[in-house]
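# Understanding the architecture of this molecule
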Amino acid sequence: RAKADGRNGYRFYTAQIQAHSDRMLLLDNALRRALERKQLELHYQPQIALMSGQVVGAEALLRWTHPELGAISPVEFIPIAENNGLILPIGEWVMRTATRQLSTWIARGMAPITMAVNLSALQFRNPNLPQLVTRILEDAALPPQLLEIELTEGVAMTHPLEAVAVMNELHQRGVRMAIDDFGTGYSSLSYLKKFQVYKLKIDQSFVRDITEDPDDKAIVGAVISMASSLGLQTIAEGVETEGQLEFLRARGCNEAQGFYFSRPLPTQAFEDFVRKQ
Ligand code: C2E
Ligand code: MG
Ligand code: MG
Ligand code: MG
C-alpha cells in the first residue's frame, strides 16, 4: 500500500514536472514571435509624491497577451526571456516605447513626470548600455533626468565592478537609477556608497504588514531615515491601504505606488488618471 502510494506520488510528481517544462517550452517558442506579432504591451502604474499627493512618475510594466493562452504574467515570462536572451530586444522595445509614450504625453500637455523602466541583469551587462540609453532618449527627445532605471540588488551585486562603471556612465549622462525590491537582495549596504543610486524602492513584502508588524515598522522606518541621511529618495511599493500610507507619510517616505492609488493602467487610462487627479 505504502509502496503503491509512493509510486503514485512519484508519477504525479513527474507528470507535474513534465507539464511545467511543456509550458516553458511553449512559452519560450511563443515569446520569440510575441514582439513582431504585437502581443506585448506596456501598462503604467502611477507613482505619487506623499507631500503633494500628485502623480510624479510612472512605472512601465510589461504585459503579454497570447491569442490562445491569454494573459501571461511577467513573473512567468521574464525569467524565460532572460534565459533565452530575448530580454535584450524586448527590453530595448520597452525602453523605446516607454520613453516615446512619455514624450507624447508631455507634448500633449501633461506636466513632466518620470518614467521608470525595469532592467534585467543581461541588459545591464551590455557595456554599450549607456550609449543605447542615450540614443533612445535622443530619439524620444526626452531629457535624461526623466528616465529612471530600476535594478534589483542582485543585478548590481553579481558583477559589482562592471556595475559601478555602467552606473557611473549612466549617471554622468543624467539618467537616474533606482534599486527595486530593496531589502530582499544581498543587502551589502556598502554598495549604496559606491553606486550612483538615486532612489530606493522599498519592497512590498515590508510594506504589507507595516501597520501591525513591529519588525516591518522598524525596518521601513530605518530604511527611510538611512536613505534620507544618504541623500537618497524613497518610494514604497505595494501600498494598498490608507493605514500603510499614513505610516509612510509620518516617517517621511517621499513617494508611494500601489493599488491604493491605482493598478498599472493602459496608456489612455493612465493619461485620464493624471488629468483627473
Ligand atoms: P516590480 O518591478 O517590482 O513591479 C511591481 C509589481 O508589483 C508589478 O507586478 C505591479 O503590478 C505589482 N503591484 C503594484 N502595486 C501593487 C499592490 O498594491 N499590491 C500588489 N500585490 N502588487 C502590486 P507585475 O506587473 O506583475 O510585474 C512583476 C515583475 O515583473 C516586476 O516587479 C518586474 O520585476 C518584472 N517586470 C515587469 N515588467 C518588466 C520589464 O519591462 N522588464 C523587466 N526586466 N522586468 C519586468
Ligand atoms: Mg520595478
Ligand atoms: Mg519591485
Ligand atoms: Mg519585483
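Coordinates for the structure precede this section.
Structure report, in brief. (Residues numbered from 1 in each chain as written. Chains lettered and ligands numbered in written order. Predicted model: local features only at pLDDT ≥ 70, side-chain atom pairs only at ≥ 80, totals over all residues. Heavy atoms only, no water.)

Around the magnesium ion (ligand 2), the protein contributes the donor atoms Glu 59 (OE), Asn 118 (OD1), Glu 150 (OE) and Asp 180 (OD), at 2.0 to 2.2 Å from the metal centre. The sequence motif formed by the donor residues of the magnesium ion (ligand 2) is E-x58-N-x31-E-x29-D. The metal-metal distance between the magnesium ion (ligand 2) and the magnesium ion (ligand 3) comes to 4.2 Å, with Asp 180 coordinating both. Taken together, the positions of Glu 59 in strand S2 (residues 55-66) and Asn 118 in strand S4 (residues 114-118) put the pair 59 residues apart, joining distant regions of the chain. On the basis of relative accessibility, which here comes to 3%, the residue Glu 59 falls in the buried class. For Asn 118, a relative accessible area of 29% gives the class partly exposed. (Donors = N, O, S within 2.8 Å, 3.2 Å for Na, K, Ca; no water. Helix = DSSP H or I, 4+ residues; strand = E, 2+ residues; numbered from the N terminus. Buried < 20%, exposed > 50% of the residue type's maximum accessible area, 1.4 Å probe, protein only.)

Moving on: the packing of helix H3 (residues 87-107) against helix H5 (residues 129-140). Between H3 and H5, whose axes approach to 9 Å, the crossing angle comes to 30 degrees. Crossing geometry of H3 relative to H5 is assigned as right-handed. Where H3 approaches H5, its residues Glu 92, Met 95, Arg 96, Thr 99, Arg 100 and Ser 103 are matched on the opposing element by Leu 132, Val 133, Arg 135, Ile 136, Leu 137, Asp 139 and Ala 140. Among the residues making up the contact of H3 with H5, the classes are represented as six nonpolar, two polar and five charged. (Axes fitted to C-alpha atoms, helices over the stretch in contact; angles between N-to-C directions. Left-handed = near helix turned anticlockwise from the far one by under 90°. Contact = heavy atoms within 4.5 Å. Nonpolar A, V, L, I, M, F, W, Y, C, P; charged D, E, K, R; others polar.)

Moving on to the nonpolar core. Phe 124, Ile 149 and Phe 270 are the most contacted members of the largest nonpolar core, which totals 79 residues. Considering every element that reaches this core, the biggest residue donor is H3, with seven residues. (Core = buried A, V, L, I, M, F, W, Y, C linked by side-chain atoms within 4.5 Å.)

This part is about the side chain of Glu 271. Mapped onto the secondary structure, Glu 271 falls in helix H12 (residues 267-276). Glu 271 gets classed as buried once you look at its relative accessible area, which sits at 8%. The contact partners of Glu 271, leaving out residues within four places of it in the chain, are Trp 105, Arg 108 and Met 110.

Attention now moves to the pattern of salt bridges. Opposite charge on two side chains permits them to pair, given that their charged atoms come into close proximity. Counted under the stated rule, the structure contains 14 salt bridges. A salt bridge links Glu 246 to Arg 249; its shortest N-O distance comes to 3.4 Å. You can see Glu 246 and its partner Arg 249 sitting in helix H11 (residues 242-250), three residues apart, about one turn around the helix. Given a relative accessible area of 36%, Glu 246 falls into the partly exposed group. In the salt-bridge network here, residues are joined through shared partners; they are Glu 59, Glu 150, Lys 201 and Glu 237. (Salt bridge = Lys/Arg side-chain N within 4 Å of Asp/Glu carboxyl O.)

The element S2 is extensively covered by neighbouring structure, given that nine of its 12 residues are classed as buried. Inspection of the sheet shows strand S1 (residues 40-49) paired to S2 by nine bridges, in the antiparallel sense. Considered in S2, the bridge of Tyr 44 is made with Ala 60. Hairpin connection, S1 to S2: the antiparallel pair is bridged by five residues, and Gly 53 has positive phi, about 75 degrees. As defined by bridge partners, S2 adjoins S4 across four bridges and the pair is classed as parallel. Residue pairing for S4: Glu 59 is matched across the bridge by Ala 116. Here three bridges tie S2 to strand S3 (residues 70-72), and the two strands are oriented antiparallel to one another. Counted as the bridge partner of Thr 65 is Ala 71 from S3. In sequence, S2 turns back onto S3 through a hairpin of three residues. (Pairing = 2+ DSSP bridges.)

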